[in-house]
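So the chains spell out like this:
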Amino acid sequence: EDNSPCGEASGRGSCQDVVVSNSPVGTQFPFSGIDDRENWPIVFYNRTCQCQGNFMGYNCGECRFGYAGPNCTIRRTVIRKEIFRMSTAEKDKFIAYLNLAKRTISPDYVISTGTYEQMNNGSNPMFADINVYDLFVWLHYYASRDAFLEDGSVWANIDFAHEAPGFLPWHRFFLLLWEREIQKVTGDENFTIPFWDWRDA
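Residues numbered from 1 in each chain as written. Predicted model: local features only at pLDDT ≥ 70, side-chain atom pairs only at ≥ 80, totals over all residues. Heavy atoms only, no water.

Aromatic ring pairs are defined here through the distance separating the ring centres and the angle between the ring planes. Per the counting criterion, the structure on display carries 12 aromatic pairs. Aromatic side chains Trp40 and Phe44 sit 5.8 Å apart centroid to centroid with 65° between the ring planes, which places their arrangement in the edge-to-face category. Relative accessible area serves as the criterion here: at 24%, Phe44 is assigned to the partly exposed category. Grouping aromatic residues by their ring pairs yields a cluster made of Trp40, Phe44, Tyr45, Phe127, Trp138 and Tyr142. In this arrangement the basic side chain of Arg75 is found over the ring face of Tyr67, its NZ or CZ atom lying 4.8 Å from the centre. (Phe/Tyr/Trp six-rings, centres within 6.5 Å; stacked < 30°, edge-to-face > 60°. Buried < 20%, exposed > 50% of the residue type's maximum accessible area, 1.4 Å probe, protein only. Lys NZ or Arg CZ within 6 Å of the ring centre and 35° of its normal.)

Structure (structure tokens):
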């Protein structure tokens, strides 16, 4: 909001080089340099915002989860409900919000429609607008899809989102971000994703 990259002028953050881990991949992925998700996100960009304090977002323009206010100093608590304990009105509102997200183009994000190789090493950008709901469908797909090999075949024996130690933190962040985007689309800061207590299923 201060017209500087990453909100640097107001102390929200600064633009930094992306630093990726140089740790080797596990033996379950016997390839190197063939998948866009290796050394993510270097294949698409190499600088990003490093947010300070309670600021977050691609431009440090939002508050971290659980905070609100102009300086992100107000602690916020929201309550998630078990889906079978929601009233009919609450369930109807939830469905209406999802339908609205399906009809709302994301003002902040686009998706890649091709691999980096198909983009000729970036010289032929392939990106498209997407609605807010399908953005999260695509994010989940992108993290868990098969690896595309150089000969046109696929390696289906890996799932980066589910078959690795990042399963729980990745999905926690995914759901928090999805919840935030629905709040932005609807203007309802108190919206929360219901949960399902599957123990009695």
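One non-glycine residue with positive phi stands out, namely Cys6, at about 60°. Structurally, Cys6 can be placed in the segment before strand S1 (13-17). Classification of Cys6 as buried rests on a relative accessible area of 6%. Phi at Cys72 is positive, roughly 55°, even though this residue is not glycine. With respect to the helices, strands and loops of the structure, Cys72 is situated in the loop between strand S5 (67-68) and strand S6 (74-75). (Helix = DSSP H or I, 4+ residues; strand = E, 2+ residues; numbered from the N terminus.)

The subject of this paragraph is the packing of helix H1 (residues 88-102) against helix H3 (residues 167-186). Packing of H1 against H3 leaves a shortest axis separation of 10 Å and a crossing angle of 85°. What the angle tells us is that H1 and H3 run roughly perpendicular. In this structure, H1 uses Tyr97, Leu98, Leu100 and Ala101 to contact H3, whose residues at the interface are Trp178, Ile182, Val185 and Thr186. Here the residues of the contact of H1 with H3 sort into seven nonpolar, one polar and no charged. (Axes fitted to C-alpha atoms, helices over the stretch in contact; angles between N-to-C directions. Parallel < 35°, antiparallel > 145°, perpendicular 65-115°, else oblique. Contact = heavy atoms within 4.5 Å. Nonpolar A, V, L, I, M, F, W, Y, C, P; charged D, E, K, R; others polar.)

A covalent bond between the sulfur atoms of two cysteines is what we call a disulfide. Evaluated as defined, the whole model comprises three disulfides. Between the sulfur of Cys51 and that of Cys60 lies a disulfide, 2.2 Å long from S to S. In this structure, the disulfide formed by Cys51 and Cys60 twists by about -95° around the S-S bond and is classed as left-handed. Each of the two residues, Cys51 as well as Cys60, counts as buried. Here the disulfide map of the protein chain reads 1-2, 3-4, 5-6, the bonded cysteines being numbered as they appear in the sequence. (Disulfide = S-S within 2.5 Å.)

Turning our eyes to something else, we now look at the domain arrangement of the protein chain. Many structure descriptions define interface size as the accessible area lost when the parts assemble. Here the protein chain is described as being made up of domain 1 (1-77) and domain 2 (79-200). Relative placement of domain 1 and domain 2: their C-alpha centres are 18 Å apart. Facing the 19 residues of domain 1 at the interface are 29 residues of domain 2. With both chains or domains summed, domain 1 and domain 2 bury close to 2000 Å², and 59% of this area falls on carbon and sulfur atoms. Looking at the side of domain 1 facing domain 2, the largest losses of area belong to Ile34, Arg37 and Phe65, adding up to 32% of the total buried there. Here domain 1 and domain 2 share three salt bridges between them. Put simply, Arg145 and Asp35 hold a salt bridge, and the shortest N to O gap is 3.8 Å. Linking domain 1 to domain 2 there are 10 residue pairs in polar contact (both at pLDDT 80 or more). (Domains from an automatic or database assignment. Buried area = accessible area lost by both parts, 1.4 Å probe. Salt bridge = Lys/Arg side-chain N within 4 Å of Asp/Glu carboxyl O. Polar contact = N/O pair within 3.5 Å; in protein donor to acceptor, adjacent residues only side chain to side chain.)

A complete count under the given rule lists 12 salt bridges for this structure. In this structure, Glu90 engages Lys81 in a salt bridge whose closest nitrogen and oxygen atoms are separated by 3.1 Å.

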